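Each chain is listed here by its residues.
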Amino acid sequence: MSELRDLYQEVILDHYKRPRNFGPLEEPMSKAQGYNPLCGDQVTVCLRAEDGVIEDVRFEGVGCAISTASASLMTEAVKGRTVEEAEALFERFHDVLTGQSEIDEVELGKLEALSGVREFPVRIKCATLAWHALRAALEGSGREVTTEA
Ligand code: ZN
């Protein structure tokens, strides 16, 4: 089980035990749910975006350590960023997890803590679940943001 111990690094355990931006968002403009049947992870991402900037983002749900930590890290990584920046970051993160990019080629910040997941293909869905939900929420909010602005 030493591989798993490597996988559950300190950052992951910290965000699993004390997830950031966890709980309902007041007056969310958009939300999307994600479900990973392989593991049973469920996550709901709520966000408020204005003028193409993610002003606030929170998540709720139950899942394994990887999915919860990934959702927590995701909210920290994208809050205050533009929608384009958040989508580009997901692309880079996804490319690292799926082995399409080398870890040291890509600037991931704290998200790099999850890069060990690449050795465990079945866990990639845990690590990307919240990001897929984020993308769905952003796509749903794209039009609403302009009508609300
Ligand atoms: Zn999982």
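Residues numbered from 1 in each chain as written. Predicted model: local features only at pLDDT ≥ 70, side-chain atom pairs only at ≥ 80, totals over all residues. Heavy atoms only, no water.

Asker: How do you make sense of the coordination of the zinc ion when you look at a structure like this?
Answerer: Every protein donor of the zinc ion is listed here as Cys-39 (SG), Asp-41 (OD), Asp-41 (OD), Cys-64 (SG) and Cys-126 (SG), and their distances to the metal cover 2.1 to 2.7 Å. Each donor residue of the zinc ion belongs to the same chain, and together they define the spacing C-x1-D-x22-C-x61-C. Taken together, the residues Asp-41 in strand 2 (residues 41–50) and Cys-64 in the loop between strand 3 (53–62) and helix 3 (65–78) connect sequence positions 23 residues apart. Given the relative accessible area of 15%, Cys-64 is considered buried. (Donors = N, O, S within 2.8 Å, 3.2 Å for Na, K, Ca; no water. Helix = DSSP H or I, 4+ residues; strand = E, 2+ residues; numbered from the N terminus. Buried < 20%, exposed > 50% of the residue type's maximum accessible area, 1.4 Å probe, protein only.)

Asker: Explanation requested: the packing of helix 2 (residues 10–17) against helix 3 in the structure shown.
Answerer: A pair of packed helices can be characterised by two numbers: the angle between their axes and the separation between those axes. Viewed as axis vectors pointing N to C, helix 2 and helix 3 meet at an angle of 85 degrees, and their least axial separation amounts to 8 Å. In terms of orientation, helix 2 lies roughly perpendicular with respect to helix 3. Across the interface between the two elements, Val-11, Ile-12, His-15 and Tyr-16 from helix 2 touch Ala-65, Ile-66, Thr-68, Ala-69, Ser-72, Leu-73 and Glu-76 from helix 3. When the residues that make up the contact of helix 2 with helix 3 are grouped by side-chain class, the tally is seven nonpolar, three polar and one charged. (Axes fitted to C-alpha atoms, helices over the stretch in contact; angles between N-to-C directions. Parallel < 35°, antiparallel > 145°, perpendicular 65-115°, else oblique. Contact = heavy atoms within 4.5 Å. Nonpolar A, V, L, I, M, F, W, Y, C, P; charged D, E, K, R; others polar.)

Asker: Help me understand the pattern of salt bridges, please; the structure alone is not making it clear to me.
Answerer: Between side chains of opposite charge, pairing is possible as soon as their charged atoms come close. Taken as a whole and assessed by the stated rule, the structure comprises six salt bridges. Between Arg-135 and Glu-91 there is a salt bridge, with its nearest N and O atoms 2.8 Å apart. A residue pair is termed long-range when its members are at least 10 positions apart, and Arg-135 in helix 5 (residues 124–148) and Glu-91 in helix 4 (residues 83–97) qualify at 44 residues. In this structure Glu-91 comes out as partly exposed when scored by relative accessible area, which is 40%. (Salt bridge = Lys/Arg side-chain N within 4 Å of Asp/Glu carboxyl O.)

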